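What follows is each chain in one-letter form.
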Amino acid sequence: MGEGSAFAQMEAALEALRPGEAPVVGFVLMDTLLLPRVDLEAVKDTVARALCEHLRTRLTPPPALEEIRARRYEVEAELSGDGDTTAVPHRWAMEVWLGTWLTGPEQQAEAARLHALELRLLGRALCPHPDAAKVLSRLRTQGRRVIFICNTSCAASDMQAVLAEGPLGGLADALYTCGDAGRGMHEGLLRQVLDAEQLRPEQLLLVSPEGALPPLRGVRTLRFEEPFERRRRLRLRSIYRLARANPYWSLECVEEVLRSAPSHLRPVEDDTYRVGRILAPSLVAFVLDVLERAERLGLERLFFLSREGLTFLRILGILHRAGAVPRLPEVRYLFASRASTLLASMREWSWEELYRFWRQYDRQSLRSLLRNLSLPEDEFLPLAAACGLVDAERPLRPPSEDVEFARFLSYRPACVAFLRHRDAARERLRQYLAGCGMLNRTRVGLVDIGWKGSMQDNLVRAMEGLEGWPEVHGFYVACTDTAPESPRSRKYGFLADLRRKDLEEDDLFRNTAIFEMATQAHHGSTVAYAPHPLAPSRMLPVLVSHALERENSERHFRLMQRAIFDYARDFAELRELLPFTAEELRPGALAAVLRYTRYPTREEAEAFLRYSHVESFGVHEVTTFGLRVDARKLLALRHPRRMLGEIRRAFWRNPWRDGVVRRSGVPLGNWLHDAYCAWLQVR
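Keep in mind it's a predicted model, so treat the numbers as computed, not measured. (Residues numbered from 1 in each chain as written. Predicted model: local features only at pLDDT ≥ 70, side-chain atom pairs only at ≥ 80, totals over all residues. Heavy atoms only, no water.)

A. Representation of the pairing of strand E10 (residues 443–448) within the structure. Counting buried positions along E10 gives five out of six residues, so the element sits mostly inside the fold. Taken together, the four bridges between strand E8 (residues 301–305) and E10 define a ladder with parallel strand orientation. Bridging from a neighbouring strand, Leu302 pairs with Gly445 of E10. The pairing of E10 with strand E11 (residues 471–479) spans six bridges and is classified as parallel. Looking across to E11, one finds that Asp448 is bridged to Tyr476. Assessed by its sense of winding, the connection that carries the chain from E10 through helix H20 (residues 454–463) to E11 is right-handed. (Buried < 20%, exposed > 50% of the residue type's maximum accessible area, 1.4 Å probe, protein only. Helix = DSSP H or I, 4+ residues; strand = E, 2+ residues; numbered from the N terminus. Pairing = 2+ DSSP bridges. Right-handed = clockwise from strand over helix to strand, strands pointing away.)

Take a look at the structure:
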């Protein structure tokens, strides 16, 4: 703390005490030596959530969380006679509260469990002042007696147990609480402390925050309070109350705590780290949503799909190791991609089957088509040539417009060869999935970034009718698939789902590339499956990586993921104190992502130009994010209207148009673009 801080001034005043002056120094513990990390009402609410979970297994219908919360406040008010509720012994109030729903030994056992839980939470919610232990040790070295006075309903022995876990343990000669005394801070507690210590008022020096205790004649009081700390507590209290009334503020409540005392997050200096910090809350909340849904659905195993799934799996590991997610289903990492599953998923060699991916990637030549389908050129190029399709590099058009292509699709030898390769691909995929433990399950979950859930569709189509194939539930950060769901294959979009028809959510899709780049694993993409050299019946994934991918990862995306994992670690430490559900965190997470998407800062928009994304399926090209306009093509158009039209088409093809607008420097440009996009949505 700085020399001019209130704590430093209090420390100086204590050092200036003369020998024999103030033989006993008492500290009102809260807000002087102990500072709250969260609003302490959050501790009570967390205990109420724990009771709610227990009663769901015991009562039908179970009481709502709000009813459980309200009942505790009613009990405390009744037992205190509308006086200070901290004067009501904590254990007694807990048993009376639980007596509303439970009786006998179960009531006592649950009261003991929740009492212990609240003490543990209280220990995590209270953080000692960095210099508190030093001040107390010096006083004791000077021969002064140190006592703590605590504004809590807990017993002194309970508070001593809480303090014993931290640096203040064993530094007080006595501890007094309102709960033990049966009196509140303003109900004569200080007089009772003087009687218990057998002190005259002038023998006690009391260190107290402003307004914590009424003055007592003869007792010298050293009052102090840090203005910054007072404002921080006010923000915590205000935002927590807002979060209880409106889930939109739940994430902001977490963010406020993290801003004031981060453990792993570092000060944001690098633009790339900042982007990871912006995305981190939405990704961590998504992992929580996956776990909550998996528990409700009774899933036996979760499969995290490569490559983005590895980031989610690491987030899950961080949360689990910190005890933030005590119940965890079996998890596996599944090497899969559109390239490794598309051929196995096709039913026949036809335009209808090809159109499943053609509708997104319509710029295909014969060579790129065979590459996307994992079909060998040396076998299929001669078959195509026999149908008049000789040039493997020329762009293909739909068969209604391309006679040679239509002939190739109906050519019987090509159909026979396709089915042979398709069946072999299915068998390799089946063996790989069996080795991963996906078969002979009732329900499993797939976890991926999104967007259409193509790999889920491919796996379900490839394995349909197979004995032992489970019911599949796909979990995605966002989902664009609006097709009717199958009873045995369902999809869930967390931040955004087009089936919800929410215009706010739809704006997330204005920049999905940043999610893919931020979560992509550092290994290559899965392109096929091949037998293990020592065990031919066991299939291994065949991975292919691009040099530019490795360079991007080392230069940018590892740092982005470091921010994500740093946030996950800090979030995990707070999880027990602020156990908001994923659905409560979702509105705030979506708002943070939409701020970045719609209204990026100039620095964020400029940083995006440094990134690039290697497309390993469909078009097999490197995507960059600047406004790409071919100058020669533009000049060849000659007419200004045609030139503007070409620029407009290039703008709408850009993966992040909002970033282009910000970099343009047009005043109010992003606001006007956002308004135009909103008009297009509602038109």
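This is not the end of the story, as more comes after the structure.
B. Seen up close, helix H12 (residues 271–297). The end-to-end C-alpha distance of H12 is 39 Å, a good match for the 39 Å that 27 residues give at a rise of 1.5 Å each. Maximum bend of H12: about 40°, positioned at Ala280, with proline Pro281 one to four residues after it. Judged by how many residues are buried, H12 sits mostly within the fold: 22 of 27 residues are covered. Capping the start of H12 is the job of one residue whose side-chain oxygen sits 2.7 Å from the backbone nitrogen of Thr272: Asp270. Downstream of H12 by a residue or two, Gly298 has a phi angle that is positive, lying close to 70°. (Expected span 1.5 Å × (residues − 1). Bend = angle between axes of the 7 residues up to and from the residue. Polar contact = N/O pair within 3.5 Å; in protein donor to acceptor, adjacent residues only side chain to side chain.)

C. Expanded view of the sheet that holds strand E5 (residues 174–177). Pairing is parallel in the open sheet, where five strands are placed in the order E5-E4-E1-E6-E7. In this open sheet, the two strands that pair with only one neighbour each are E5 and strand E7 (220–223). Strand after strand, the sheet turns through a mean of 20° between neighbouring axes, direction not considered. Note: strand E1 (residues 24–28) against strand E6 (residues 204–208), four bridges, orientation parallel. Bridging from a neighbouring strand, Gly26 pairs with Leu206 of E6. (Axes fitted to C-alpha atoms, helices over the stretch in contact; angles between N-to-C directions.)

D. View of empty space enclosed by the protein. Applying the stated criterion to the full structure yields five cavities of 30 Å³ or more. As for the largest cavity, its lining consists of Arg307, Gln520, Ala521, His522, His523, Ser545, Glu549, Arg550, Ser553 and Phe557. Taken together, the residues that form the lining of the largest cavity break down as two nonpolar, five polar and three charged. Taken as a whole, the second largest cavity encloses approximately 60 Å³ of empty space. In terms of lining, the second largest cavity is formed by Ala42, Asp45, Thr46, Arg49, Arg69, Tyr240, Leu577, Leu578, Pro579 and Phe580. Taken together, the residues of the lining of the second largest cavity sort by class into six nonpolar, one polar and three charged. (1 Å grid on protein atoms, 1.4 Å probe; cavity = no way out; pocket = protein on both sides within 12 Å on 5 of 7 lines; lining within 4 Å. Points joined across faces, edges and corners; volume = space filled by probe spheres on them. Nonpolar A, V, L, I, M, F, W, Y, C, P; charged D, E, K, R; others polar.)

E. Quick peek at unusual backbone geometry. Here the residue pair Thr60 and Pro61 is connected by a cis peptide bond, since its omega of -5° sits within 30 degrees of zero. Even without glycine at this site, Ala22 takes up a positive phi of about 55°. Along the chain, the position of Ala22 falls in the loop between helix H1 (6–15) and E1. Exposure remark for Ala22: the relative accessible area of 9% places this residue in the buried category.

F. Here's a closer look at the packing of helix H2 (residues 41–56) against helix H3 (residues 65–80). Contact geometry of H2 with H3 gives a least axis separation of 9 Å together with a crossing angle of 120°. Here H3 runs oblique to H2, going by the angle between their axes. H2 and H3 meet at a crossing whose hand is right-handed. Each of Glu41, Lys44, Asp45, Val47, Ala48, Arg49, Leu51, Cys52 and Leu55 in H2 lies in contact with H3, whose residues at this interface are Leu65, Ile68, Arg69, Arg72, Tyr73 and Glu76. For the contact of H2 with H3, the per-class residue count stands at eight nonpolar, no polar and seven charged. (Parallel < 35°, antiparallel > 145°, perpendicular 65-115°, else oblique. Left-handed = near helix turned anticlockwise from the far one by under 90°. Contact = heavy atoms within 4.5 Å.)

G. Molecular detail of the packing of aromatic side chains. Applying the stated criterion across every chain yields a total of 25 aromatic pairs. An angle of 45° between the planes, with centres 6.2 Å apart, marks the rings of Phe286 and Phe494 as tilted. Within this pair, whereas Phe286 is found in helix H12, its partner Phe494 is found in strand E12 (residues 489–497), the two being separated by 208 residues in sequence. Like Phe494, Phe286 is buried. When the centroid spacing of 6.3 Å and the interplanar angle of 55° are considered together, the rings of Trp349 and Phe380 count as tilted. (Phe/Tyr/Trp six-rings, centres within 6.5 Å; stacked < 30°, edge-to-face > 60°.)

H. Local environment of the state of the cysteines. The full count for this structure, using the stated rule, is zero disulfides. This cysteine, Cys127, is not joined by any disulfide, and Cys150 carries the nearest cysteine sulfur, 15 Å off. Counting only cysteine sulfurs, Cys127 is the nearest neighbor of Cys253, a cysteine outside any disulfide, at a range of 17 Å. (Disulfide = S-S within 2.5 Å.)

I. Structural view of a nonpolar patch on the surface. Among the surface-exposed residues, Leu242, Tyr248 and Trp249 lie close enough to one another that they form a single nonpolar patch of about 270 Å² accessible area. Looking at where Tyr248 falls in the secondary structure, it is placed in the loop between helix H10 (227–245) and helix H11 (250–260). (Patch = residues over 30% accessible without salt bridge, like charges linked within 9 Å, V, L, I, M, F, W, Y side chains within 5 Å. Areas by Shrake-Rupley, 256 points an atom, 1.4 Å probe, with all protein chains shown as cover. Salt bridge = Lys/Arg side-chain N within 4 Å of Asp/Glu carboxyl O.)

J. Structural context of the layout of surface pockets. Of the pockets and cavities examined, the largest pocket occupies roughly 1,500 Å³. As for the largest pocket, its lining consists of 48 residues, and the residues nearest its centre are Arg338, Gln360, Tyr361, Glu516 and Glu615. The set of elements that each furnish at least two residues to the lining of the largest pocket consists of helix H14 (338–345), H20, helix H22 (513–519), strand E13 (525–531), strand E15 (612–614) and helix H27 (640–653). Among the residues making up the lining of the largest pocket, the classes are represented as 16 nonpolar, 18 polar and 14 charged. Lining the second largest pocket are 29 residues; nearest its centre among them are Glu53, Glu295, Arg327, Arg575 and Pro579. Among the elements of the structure, H2, helix H5 (104–125) and H12 are those that each provide at least two residues to the lining of the second largest pocket.

K. Molecular detail of the side chain of Ser80. Inspection of the secondary structure assignment puts Ser80 in helix H3. A distance of 3.1 Å separates a polar atom in the side chain of Ser80 from the backbone oxygen of Ala77. Those residues in contact with Ser80 that sit more than four places away from it in its chain are Thr85 and Val88.

L. Broad picture of H20. Counting buried residues along H20, seven of its 10 residues qualify, which places the element largely inside the surrounding structure. Of all the positions in H20, only Met455, Gln456, Asn458, Leu459, Arg461, Ala462 and Met463 are classed as buried. Gly465 occupies a position one or two residues after H20 and carries a positive phi of about 85°.

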